[in-house]
Amino acid sequence: MPPLLYFDPKLGRGYAFCPRSGGIFELMPDEYEILRTRTPPDEFRVLLNQMRAYDGKRYDVSGFVAHLASLGIIHDRLSYPVDVELELTRACNLRCTHCLVSAGEPLPDELPAERWVSLLNEMGKYSVRVVLTGGEPLVHPGFLDILAAAKRNGLAVRLLTNGTLVPERIDDLRGLLNPLTDEVQISLDGTRDTHDAIRGEGNFDRALAGVKVLIGAGIPVSVAFTALPQNRSDALPLYRQLARLGISAFRVGWGLPTGRQASSISYQSYLDLVEALRAEAEKTGVPVVGGQLGDALPVSPDSLYSCSAGTAHAFVSSTGDVYPCLLLRYPDLRMGSVRVDSLLTVWRSGPWDRLKRHLSGTKCASCPLFGACRGGCPGEALLFNGTLNAPAPSCRWNDGEH
């Protein structure tokens, strides 16, 4: 895996992370260019060997990103995507009433399994983690070949599934997933009656069986709960039930009015729910994920990338189109296609600077929370406001009070 590079023009310095040695290095501009272009070859090899010979404190990719964040310079792009989300298919065995992408039938021009495998072979040379999603990824006819390719290339896998097909595939999953690096996330949106009203009769029991067989196989399982008007009151009893089973985390998402879902709870109602769940987590020890602000950074609202989408993360649709993330799947934010180019080519040449947000003329400019919030989710800002250059609806600052 090549060094992960970052250059900050304001500081006139570059930074590199060497995956082999775990070292973080500060670079002069000429050293950065040598590592970026690999020319001259002799000087490139000398620098690379020096980085590989490092034997100090060992970091991982997250540590490198945290280091950049501590300097206040994370809001630019890394030299390759660390995390890539692959939407293997739009096909799904369920027809959930709140589905973000209205999944059901596969699209007519979806990528064949062979292209997903070759893409993962490419990603194995630079990426670290891959998310396999859909639709329902387990219905893809080449799913096992795709998963095997991800593991063969040393990628940590996060599998997002509705869980209903897991029991019949557990032997295959047990043989391919590594409990030390991989995770399966199963969606459960309420206790039995509520979940089945959203996802179809009998699917709560099928998904819960999936949770149980994965935990029994030693594979970490998190549960995703999407907070909606019709299921908010089910969150606490569902959490308590799942905590007793030994899930690794309970992820609470704010249900957005898009796809098949027509309405949402207020963001404050969502935050109140997360806090109630966190109070329960103090008793169970099962972490609740959701609603957090990021680390406060010394960033300016003038021009910034506000999250990892397009800076360290990319999303590939089932038809091969590349976007910053699932929520930012808009025609003018299509960065390219892996049908015609490698993902790395798209990463290096796509119009990613369109993601830079300009928030200096908004209330973000004077908000004391801006360093931690950075304007909120850009996908939510675009969905609700029609522009990236406005605070997201998750804004915590209202009329000067917070």
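Residues numbered from 1 in each chain as written. Predicted model: local features only at pLDDT ≥ 70, side-chain atom pairs only at ≥ 80, totals over all residues. Heavy atoms only, no water.

Student: Which parts of the structure should I look at to understand the packing of helix H7 (residues 192–199) against helix H8 (residues 203–216)?
Tutor: For any two helices packed against each other, one specifies the crossing angle of their axes together with the interaxial distance. Interaxial distance between H7 and H8 falls to 8 Å at its minimum, and their mutual angle equals 105 degrees. Judged on the interaxial angle alone, H8 and H7 are roughly perpendicular. Together, Arg-192, His-195, Asp-196 and Arg-199 of H7 and Asn-203, Phe-204 and Asp-205 of H8 make up the contact between the two elements. Counted by class, the contact of H7 with H8 contains 1 nonpolar, 2 polar and 4 charged residues. (Axes fitted to C-alpha atoms, helices over the stretch in contact; angles between N-to-C directions. Helix = DSSP H or I, 4+ residues; strand = E, 2+ residues; numbered from the N terminus. Parallel < 35°, antiparallel > 145°, perpendicular 65-115°, else oblique. Contact = heavy atoms within 4.5 Å. Nonpolar A, V, L, I, M, F, W, Y, C, P; charged D, E, K, R; others polar.)

Student: Just to check I follow, could you spell out unusual backbone geometry for this structure?
Tutor: Working note: non-glycine residues mostly have negative phi, and peptide bonds are mostly trans. The peptide bond linking Thr-39 to Pro-40 adopts the cis configuration, its omega dihedral lying at -10 degrees. Cis rather than trans, the peptide bond between Gly-134 and Gly-135 has omega equal to 25 degrees. Relative to the assigned elements, Gly-135 resides in the loop between strand S5 (129–133) and helix H5 (143–152). For Arg-38, which is not glycine, the phi dihedral falls at a positive 60 degrees. When its relative accessible area of 45% is taken as the criterion, Arg-38 is described as partly exposed. Phi is positive for Arg-374, which is not a glycine, with a value near 55 degrees. (Buried < 20%, exposed > 50% of the residue type's maximum accessible area, 1.4 Å probe, protein only.)

Student: What is the right way to look at the pairing of strand S2 (residues 13–18) in this model?
Tutor: Here is the key point about a regular strand: its side chains alternate between the two faces of the sheet. Extensive coverage of S2 is indicated by the burial of 5 of its 6 residues. In the sheet, strand S1 (residues 4–8) pairs with S2 via 5 bridges, with the strands oriented antiparallel. Counted as the bridge partner of Tyr-6 is Tyr-15 from S2. Hairpin connection from S1 to S2: 4 residues lie between these consecutive antiparallel strands, with Gly-12 at a positive phi of about 70 degrees. Inspection of the sheet shows S2 paired to strand S3 (residues 23–27) by 5 bridges, in the antiparallel sense. Bridging across to S3, Tyr-15 finds its partner in Glu-26. If you look at the hairpin formed by S2 and S3, you'll find 4 residues sitting between the two strands, and Gly-22 has a positive phi there, around 75 degrees. (Pairing = 2+ DSSP bridges.)

Student: Can you walk me through a positive patch on the surface in this structure?
Tutor: A contiguous patch of positive charge, built from Arg-20, Arg-38, Arg-52 and Arg-348, is present on the exposed surface. For Arg-348, the location among the structural elements is in helix H11 (residues 343–349). (Patch = residues over 30% accessible without salt bridge, like charges linked within 9 Å, V, L, I, M, F, W, Y side chains within 5 Å. Areas by Shrake-Rupley, 256 points an atom, 1.4 Å probe, with all protein chains shown as cover. Salt bridge = Lys/Arg side-chain N within 4 Å of Asp/Glu carboxyl O. Lys, Arg positive; Asp, Glu negative; His and termini not counted. Charge placed at Lys NZ, Arg CZ, Asp CG, Glu CD.)

Student: Is there a simple way to think about the pattern of salt bridges in this case?
Tutor: A side chain with one charge may pair with a side chain of the opposite charge, provided their charged atoms come close. One pass over the full model with this rule turns up 18 salt bridges. Salt-bridge contacts for Glu-183 lead to Arg-251; the nearest nitrogen and oxygen are separated by 3.2 Å. Residue Glu-183 is found in strand S7 (residues 183–187), and its partner Arg-251 is found in strand S9 (residues 249–254); the two are separated by 68 residues along the sequence. Residue classification places Glu-183 among the buried positions, given a relative accessible area of 13%. According to the relative accessible area criterion, Arg-251 is partly exposed, its value standing at 24%. For Glu-280, the salt bridge goes to Lys-283, with nearest N and O atoms at 3.6 Å. Remark: Lys-283 and Glu-280 occur in helix H10 (residues 267–284); sequence separation between them is 3 residues, near one turn of the helix. The network of salt bridges with common partners includes Glu-87, Arg-90 and Arg-329.

Student: Any chance you could explain the sheet that holds S9 here in plain terms?
Tutor: Backbone-to-backbone hydrogen bonds pair the strands of a sheet. The strands run either parallel or antiparallel. Read across the open sheet, the 10 strands follow the order S10-S9-S8-S7-S6-S5-S4-S11-S12-S13; overall the sheet is mixed. Both outer strands of the open sheet, strand S10 (288–289) and strand S13 (336–337), are each paired with one neighbouring strand and no more. Relative to strand S8 (residues 221–227), S7 runs parallel, the two being bridged by 4 bridges. Paired with Gln-185 across the strands is Ser-222, a residue of S8. Lying on the sheet, H5 is in contact with S5 and strand S6 (156–161); it crosses S6 at an angle near 150 degrees.

Student: How do you make sense of the packing of aromatic side chains when you look at a structure like this?
Tutor: Note on aromatic pairs: each is described by the distance of the centres and the angle between the planes. Enumeration according to the criterion identifies 10 aromatic pairs in this entry. Seen in terms of ring centroids, Tyr-80 and Tyr-126 are 5.7 Å apart; in terms of plane orientation they differ by 55 degrees. Their pairing is tilted. Separated by 46 residues along the polypeptide, Tyr-80 in the loop between helix H3 (61–70) and strand S4 (83–87) and Tyr-126 in the loop between helix H4 (113–123) and S5 bring together distant segments of the chain. With respect to burial, Tyr-80 and Tyr-126 carry one shared label: buried. Their ring planes at 75 degrees and their centres at 5.3 Å tell us that Tyr-239 and Phe-250 sit as a pair that is edge-to-face. Here the residue Tyr-239 occupies a position in helix H9 (residues 235–245), and Phe-250 occupies one in strand S9, the gap between them amounting to 11 residues. (Phe/Tyr/Trp six-rings, centres within 6.5 Å; stacked < 30°, edge-to-face > 60°.)

Student: How do you make sense of the sheet that holds S1 when you look at a structure like this?
Tutor: Taken in spatial order, the 3 strands of this open sheet run S1-S2-S3, and their pairing is antiparallel. Only two strands of the sheet have a single partner each, and these edge strands are S1 and S3. Direction aside, the axes of adjacent strands within the sheet are offset by 15 degrees on average. Of the strands in this sheet, S1, S2 and S3 are in contact with helix H1 (residues 29–37), which crosses S1 at around 145 degrees.

Student: Looking at this structure, I do not really get the layout of surface pockets. What am I missing?
Tutor: A water-sized probe rolled over the atoms picks out the places where empty space is left. Each pocket or cavity is described by its volume, and for the second largest pocket that value is around 450 Å³. Here the residues of the lining of the second largest pocket are counted per class, giving 13 nonpolar, 1 polar and 7 charged. (1 Å grid on protein atoms, 1.4 Å probe; cavity = no way out; pocket = protein on both sides within 12 Å on 5 of 7 lines; lining within 4 Å. Points joined across faces, edges and corners; volume = space filled by probe spheres on them.)

Student: Hey, could you run me through empty space enclosed by the protein in this one?
Tutor: Summed over the entire model, instances satisfying the criterion amount to 3 cavities of 30 Å³ or more. Reported here for the largest cavity is a volume of approximately 110 Å³. What lines the largest cavity is a set of 15 residues, and nearest its centre among them are Cys-364, Cys-367, Cys-373, Cys-395 and Arg-396. Partitioned by chemical class, the residues of the lining of the largest cavity number 10 nonpolar, 3 polar and 2 charged. Along the walls of the second largest cavity sit Tyr-305, Ser-306, Cys-307, Ala-309, Leu-328, Leu-355, Arg-357 and Pro-378, which together make up its complete lining. The residue makeup of the lining of the second largest cavity, split by class, is 6 nonpolar, 1 polar and 1 charged.

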